[in-house]
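# Notes for the structure review
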Amino acid sequence: MSDIRQSLLPRDVLSAAKELLYHLDIYFCNLVQSGRQPPQVDSKTLELVEEFILHAPKDRNTPARRMSALQELHLLEIMCSCFQEQSRDTVRQLMFSALFSLQGNQADESRMALLGKLVSMAVAVGRVPILECAATWLQRAHRVYCVRLAQVLVDDYCSMVPGSVPTLHNIHNASPRFCCQFITAVTTLYDLTTEELTPPVELLQMIVSWIQDDPRLVLVTFLNMPLSSSQPISSLDVTPLGGLVRWCVKAPLAYRRDKKLAVTNGSSESDQAVGPLFSALHLSVLQVLMLLPNIFNEKGLFGRLALLQLESLAALTSDLSRLLDQADKQTHTSSADTHALSQLVLDRLAQALQVAMASGALLCSREDLRTICSRLPHNNLLQLVLSGPVMYYNNIHTPPLAFSPHAAHSPIPSHPAHPAHTPHTPLATHPSTHPQYPAQPFMTGMPFPFRPSH
Amino acid sequence: MSAQKDCEFLVKRARELVSDDPYAAKAWLITARTLYPADFNIQYEMYIIERNAERTSSAGRLLYDIFTNFSEQPIVWREISVITAALRSDSQEKHAQFLRGLFETLPSHVQCDMLLKVTEQCFNTLEKAEMLLLLLKRFPESVVQHGVNLGETLLEAEASENVETPVNCFRKLFVCDVLPLVMNNMDMRLPANLMQKYMLKAAEFFIGYVSRGHSPVVQIQASQDTGSLKSPSVSRGSQRYVIDGLSEKSSVVAEPWERLLDILTVVGARCEWQGDKGQRSYVDMLQRVKELCRYLPGLEGDTRSRCCSQVVICATLVLFRSAFYYVSAIQPALFQGMTGLSSGPWILVEDLSMVYSDVKTERGAEKHSHKKRKLADGREKTMSSDDEECLGKGRGRHILVNKTEMPSWSETLESFRTARESWDLLHSHDSLETGKPSDVLQYKIPSRSEFKISKLKYLHFNGQYRKALSSLHQMAAVQQPQPEQQSPSGQTSLEHNRALIQQASCHYALGEYRMACEKLLDVVSGLVPPNQEPTKTPEDQVRVKTKMRKGNDLRLLPCNSKSVLPFCLQLMLACFKLRAFTDNRDDLSLGHVVVLLQYDWPQGEQLFLKAVDKISQQGSFQYENFFNYVTNIDMLEEFAYLRTPEGGRIQLELLPNQGMLIKNPSPSLGLELNTLLLQGVQTMDRHHTVTRGITKGVKEDFRLAMERQVSRCGENLLSVLHRFCINEKIIIIQSLP
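Residues numbered from 1 in each chain as written. Chains lettered and ligands numbered in written order. Predicted model: local features only at pLDDT ≥ 70, side-chain atom pairs only at ≥ 80, totals over all residues. Heavy atoms only, no water.

Let us look at the overall build of chain A. Along chain A, the regular secondary structure elements total 19 helices and zero strands. Taking all 454 residues of chain A together, 52% fall into the buried category. Pairs at least 24 apart in sequence give 78% of the contacts found in chain A among residues at least 6 apart. When the accessible area of chain A is evaluated, it comes to approximately 20400 Å², of which 55% is carbon and sulfur surface. (Helix = DSSP H or I, 4+ residues; strand = E, 2+ residues; numbered from the N terminus. Buried < 20%, exposed > 50% of the residue type's maximum accessible area, 1.4 Å probe, protein only. Contact = heavy atoms within 4.5 Å. Areas by Shrake-Rupley, 256 points an atom, 1.4 Å probe, with all protein chains shown as cover.)

Where interface size is quoted, it is often the accessible area lost as the parts come together. Between chain B and chain A, the contact holds 24 residues from the first and 30 residues from the second. Interface of chain B and chain A: buried area, both sides summed, is about 2300 Å²; carbon and sulfur atoms make up 72% of it. Counting the surface chain B buries against chain A, the share from its top three residues, B:Y23, B:T34 and B:L35, is 26%. Applying the counting rule to chain B against chain A returns three residue pairs in polar contact (both at pLDDT 80 or more). Elements represented by at least two residues in the side of chain B that touches chain A include exactly α1 (2-18) and α2 (22-35) of chain B. Split by residue class, the side of chain B that touches chain A holds 14 nonpolar, three polar and seven charged. (Buried area = accessible area lost by both parts, 1.4 Å probe. Polar contact = N/O pair within 3.5 Å; in protein donor to acceptor, adjacent residues only side chain to side chain. Nonpolar A, V, L, I, M, F, W, Y, C, P; charged D, E, K, R; others polar.)

Notably, A:L192 is not glycine yet its phi reads approximately 65°, a positive angle. Considering the arrangement of structural elements, one finds A:L192 in the loop between α11 (176-189) and α12 (201-213). You will see that B:E54, though not glycine, has its phi angle at about 55°, which is positive. In this fold, B:E54 is placed in the loop between α3 (40-52) and α4 (56-69).

On to the packing of helix α4 (residues 69-85) of chain A against helix α6 (residues 107-125) of chain A, then. Residue and element names in this part refer to chain A. Viewed as axis vectors pointing N to C, α4 and α6 meet at an angle of 60°, and their least axial separation amounts to 10 Å. Our classification of the angle between α4 and α6 gives oblique. Here the hand of the crossing between α4 and α6 comes out right-handed. On α6, the residues that touch E72, L73, L76, E77, M79, C80 and F83 of α4 are L114, K117, L118 and M121. Considered class by class, the residues forming the contact of α4 with α6 number eight nonpolar, no polar and three charged. (Axes fitted to C-alpha atoms, helices over the stretch in contact; angles between N-to-C directions. Parallel < 35°, antiparallel > 145°, perpendicular 65-115°, else oblique. Left-handed = near helix turned anticlockwise from the far one by under 90°.)

Purely geometric stuff here, so don't read any function into it on its own.
The structure is reproduced here in structure tokens:
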């Protein structure tokens, strides 16, 4: 490899980068063909990449080489066709890792910059292999970097060039894996805490239409995930479900805040569209959740893999109780309106909790739910969900859809990276030993404090 | 119970939301369903939302769930019956199409299950059958299990509901829908006798269907139509036929004879009939069984009985089909959808074009008619001229038809020929006549009078007049209970006349002249004489002169006053002719003959001269009606001459005792004729004055009567003869033995 470096040094930046790409291609091909298990990118190669493609300074003595914008564009084109022409997945993945795997060093910044440009370009010209590689990257990289990549795309396609949304829209056809990871990243990015962190309406529309067209899109990464694989530390969630639930639940409050701003600014054009969009999105999320039991059963994962973490939901509920509290205090004029909005928020929360629990996406007991929701204002449906269904006399044999932590399957830790969050550990102890509804020590006909007063 | 309250609450919220925010409504219901998966109302509400939005696939998925989990709910059954009703209907309405699409989304085992269960819940036999039929059509494998049962249920229903005709809704379903499914399912083993039973059921239906009469409402319509509309398609279009219990559309059976042939073909194949490799037509079929018949005597046991039933069934169906086509041509009003095709009903009668020929040859022919008929057998003879066609090959008897009056004459006669061939075949072997299927068909199908009529034709044709007569009496008895009210257009009286004429023709052929005349006079009394005497076409006159035929041909006569009255007159003439010219003196008969000979003058000139000869030989002649009914100038001249010395001074007593001359002066008479006649009268007078002074008054009366009569020459002859028939009915009948 060192002789390669010598041969590259005299060259100009662009041709050196081109030459290195060419060498990498040959090198990885040989590596894969030799059958050594598993082919990995060695540090020497990484150094070459950082020096000749990312132009990170090798040491303080050597001045950093720079490429002009045109040279960079040229290089991106070469990279595009390089990935496009490589027929072997493994080689392509190795190349992508060599170029863009984060190393925790200075070069990561230029790596991210180049990656952002490459993916944006791949979206523009429909380079499926690059999007596939990027999807894998999004599964492995730390969520902070994932969010940054998503931000680049949203900026490029939703903010900077207004008419280019359709181009981005097409990625769900080009690479559903990438699309799924993109949604996860975007829902992670926009947590609706501030106006900046509220998704642009164009993006929202796009995501809603993707999921409405094909609800399973949300599950693509999960479905393609090998059973044994484990998620790297701090990577994105396997599905965007958690983020989407947060969006839908918080949206009425977040956009209410926006509306106030919009009213003061005198423009409220997109407001009308947002409500129904979240309503539709929320329904889609529930429908996706309802797909899960079958998938879990097929994979033998029912009750063993939590797609929604109780912790993140706990964070959501505490967030909500704060927001609702604020809203209550801020608005004295239109309290009826605020009440309706907060009820919508709580309805959606209750629905998401119930359906997630019933579908096995959320592994906890009703007692746990009661704990995380204890500080929320009153809502009939939430009360009903927290207390659980009343047992029918005549349907006593119907198996419950809700997952019980005491069911036959013993849960496996799905995220070894989060050892503190083993899903079968209830947040609160529940004394009931009832096998199906442990959180509900009440029998039929008994008055129950959570029972809604309908 | 609070679970129920929970569910009610959840459904209520969803309902409140559905119009403003359907997504939210659905989200509520999804949540509700996870809380109470066993609650029906929640899932039903979900289904209703999707159904109302006509989202086929999601509604289908929910319907599937509901059907599998809540099949005991009555509301589910209401919904399913709405869907299956849409399946049975042919409505192109959007919602009906949606419902059909919805059904299609269901997995086939669910469809099957659904149809079966709907069928079980159906109490109306017809609906139940239609439902089961849907099942059988979709799931051919279910035919084995349900096919025959369904068929039997329909046949039982038919029996228990006491429907009087084989053309009923149950039979229609059985024959048109169930039977083809059952018959064509090769997985099923059907005993031959069952297939024959089904075959006969099908035959009854199809034959009943083609020969269905008009329903009363339709008839009025049709009779109005035929008056104004000439195009057959138009008048046919206005005819609606609805089988009770079925829609108008499903009451239509297209190509009934072809469908019957299809079924017959399948039955033939399954019963292993001889030489049967997919009959292409009824005519082929007849040829095949004809060949088969030749081997019949050499066969024994099962083979023989199988061949017999094949011959009987095939020949009988050919018979009915040909008979139908023949009868629908000669009696179009009988069958629905046939009006306007031809001029009107026709009657098969003895051909009387020979009536004016000489008595001697006539009598000879009559005497040896039996022999001659036999001689004529097997002789291929065709006689044709420009306007007439004779058919009846192989049997020597010919049917004459006026080609111009019946445009479809060749098809009609061909049908007649085929029908007769199959009839003969059926009666050619004893073993066939005793064959059971034959009995079944004979008794069940021809219960309709139409087919009796056609049957009659064969009897008539074959010279079996006695049999024909008894059939006619039966028919008359059948027709009596439904007099005029059946048709205000005079259809019945026409039909009645038909029967009477047919009877008269048979009586005549049997030599029962008195009976023949009685019938004829009944007919004539019901007729209105045409206003104008038909102008004779030149051909008409040439025709009979140039052609002399055997007396035993048959003629198809259009059944209308124009043709019927002349035929009656001719037949009466034929009745009296023999009597009038016997060696015994019978002035009354001779007088009637003279009166009748006036029609179609001068066709009967020879005969008239013969009558004059007879009078001359007798030297006297007494016929008191003479001046009432003889207005033919040639005849009057001849009689005036008879009284003259040159004429032989014949003593003529032609004046009625009561002197009931009908005064009807006509100034149109030519002067020349008048003077000629008057001269004759005057000379007669002179002779009488000389010889018989006492009869002066009589002579004077005769002269006056002659004068008056000459002035009546322009009178409508048919009116005169019509009057003759009516006024002299009693005398006419009494003068015959």
